[in-house]
Amino acid sequence: MENLNHIAEQFKPGGNIVKVKEFGNGNINDTYIVTLEDHAEKKFVLQRINTHVFKQPKLIMQNMRTFTEHVHQRVRNEGHAWEAPRVISAKDGLDFLIDDDNNFWRAISFVDNAQSHDIIKDLDHAREVGHALGTFQNLISDLPIESLADTLEGFHITPRYLQSYYWVLMKNGTHTSPEVQYGMKFIEDRRDFAHVLENANLPLRPIHGDPKVNNVMIHTSTGKAVSIVDLDTGKPGLVHYDIGDCLRSGCNPLGEDAEDWEAVHFDPEIGSAILEGYLTEARAFLTTADYDHMFNAIRLIAFELGLRFFTDHLVGDVYFKVKYPGHNLHRALVQFKLTESIEAHEADIRHIIKSTVA
Ligand code: GN1
Ligand code: MG
């Protein structure tokens, strides 16, 4: 705690630090909320970036600046009801601080009067989550992709994850637990499908990269989405990664950590509401080819996340933080069940996409 206070001191915009408290449940970085007294800004977010995952954290800060400055400008000029968290510089004027143990720290402003939820509460919430993604993608849609660095090479390129998986299998040999066997068969059966988006010839655009439900900030009194946080994965990519991720996260009412993984399912009604909210904004920049690949995106990103968790389990939990041994395997099974349910609802989901777009 002593150390955390000391780090927070280097970023604080003024006032006195009252408290530094762990916050959220990110799978990669460590996040804290710093509470201040005697300052207009009552709180800010302090994060230790996982440099095992983000090997060039300075590039993340560079992209974050590019995104937030662009979004602020558009919000100011066009009057959107939208907030983009600001990067808070350290005392020496830099966007980050590297401590004596080589940890990489950064601070971001706190979105006030808003909260996020791990699971969709109701259909209004679902529409707001979709609307948030559409608004964000719209606000960044005119940023040239050349202005953004590739902060996480291979991120959401499913064939790359598949390649790593086979590499791990080759090195580690076979596993015999029934869950692992189920996972291996599951992946094997979808080996060709893994290429579907990368082979689709879709254009690269600026994307969020991680628009899951709990990254969307909902205003506590109006219930409207006011911001989407966690810009670490904002970089050039396919908008489909975002659409797929938003739906795989929102349409799983039991959540990513569902205790009974066999009960996990995709809720098409929530999917319909998310898409409805999304399209009110995204119609402005989506093309027919984009719509054609929406179903595959939803199926693929659920499968991909399962594959990523599964591989991390096999390799000994080196990427995602875990709370108990076998956590990544459990998370993988949740995503595989969700994928199965998406596949079972294919006709429904395709119909929803068609009728929402029309
Ligand atoms: C990771 O750390 P967090 O929770 O923001 C992951 C996402 C996954 C997500 C699943 C950089 O995000 O891709 O969808 O877990 N982020 C990275 O909850 O790999
Ligand atoms: Mg994230």
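Residues numbered from 1 in each chain as written. Chains lettered and ligands numbered in written order. Predicted model: local features only at pLDDT ≥ 70, side-chain atom pairs only at ≥ 80, totals over all residues. Heavy atoms only, no water.

Asks: Sorry, what's going on with the pattern of salt bridges here?
Replies: When the charged atoms of two side chains lie near each other, side chains of opposite charge can form a pair. On inspection of all chains with the given rule, the structure shows 23 salt bridges. Notably, a salt bridge pairs Glu-343 with Arg-299, separated by 2.8 Å at the nearest N-O pair. Here Arg-299 lies in helix 9 (residues 294–315) and Glu-343 lies in helix 10 (residues 327–344), a separation of 44 residues in the sequence. The closest approach of N and O atoms between Arg-350 and Glu-346, which form a salt bridge, is 2.8 Å. (Salt bridge = Lys/Arg side-chain N within 4 Å of Asp/Glu carboxyl O. Helix = DSSP H or I, 4+ residues; strand = E, 2+ residues; numbered from the N terminus.)

Asks: I would appreciate a short explanation of helix 3 (residues 123–140) in the present structure.
Replies: Helical geometry: 3.6 residues make up each α-helical turn, so side chains three or four residues apart lie on a common side. The first and last C-alpha atoms of helix 3 sit 26 Å apart over 18 residues, in line with the 26 Å expected at 1.5 Å per residue. Burial within helix 3 is extensive, with 14 of its 18 residues counted as buried. Two to three positions downstream of the cap, the backbone nitrogen of Asp-124 sits 3.2 Å from a side-chain oxygen, assigning the N-cap of helix 3 to Asp-122. (Expected span 1.5 Å × (residues − 1). Buried < 20%, exposed > 50% of the residue type's maximum accessible area, 1.4 Å probe, protein only. Polar contact = N/O pair within 3.5 Å; in protein donor to acceptor, adjacent residues only side chain to side chain.)

Asks: How should I be thinking about the site of ligand 1 in this particular structure?
Replies: Looking at ligand 1, there are 17 residues lining it, with Asn-27, Lys-212, Glu-256, Arg-308 and Tyr-319 nearest. At 3.4 Å, a side-chain N or O of Arg-248 approaches an oxygen atom of ligand 1. When residues of the shell around ligand 1 are traced back to their parent elements, those giving at least two are helix 6 (239–250) and helix 9. Its residues assigned to classes, the shell around ligand 1 comprises seven nonpolar, three polar and seven charged. Two domains each donate at least three residues to the shell around ligand 1, and these are domain 1 (2–78 + 85–109) and domain 2 (123–357). (Near = heavy atom within 4 Å. Nonpolar A, V, L, I, M, F, W, Y, C, P; charged D, E, K, R; others polar. Domains from an automatic or database assignment.)

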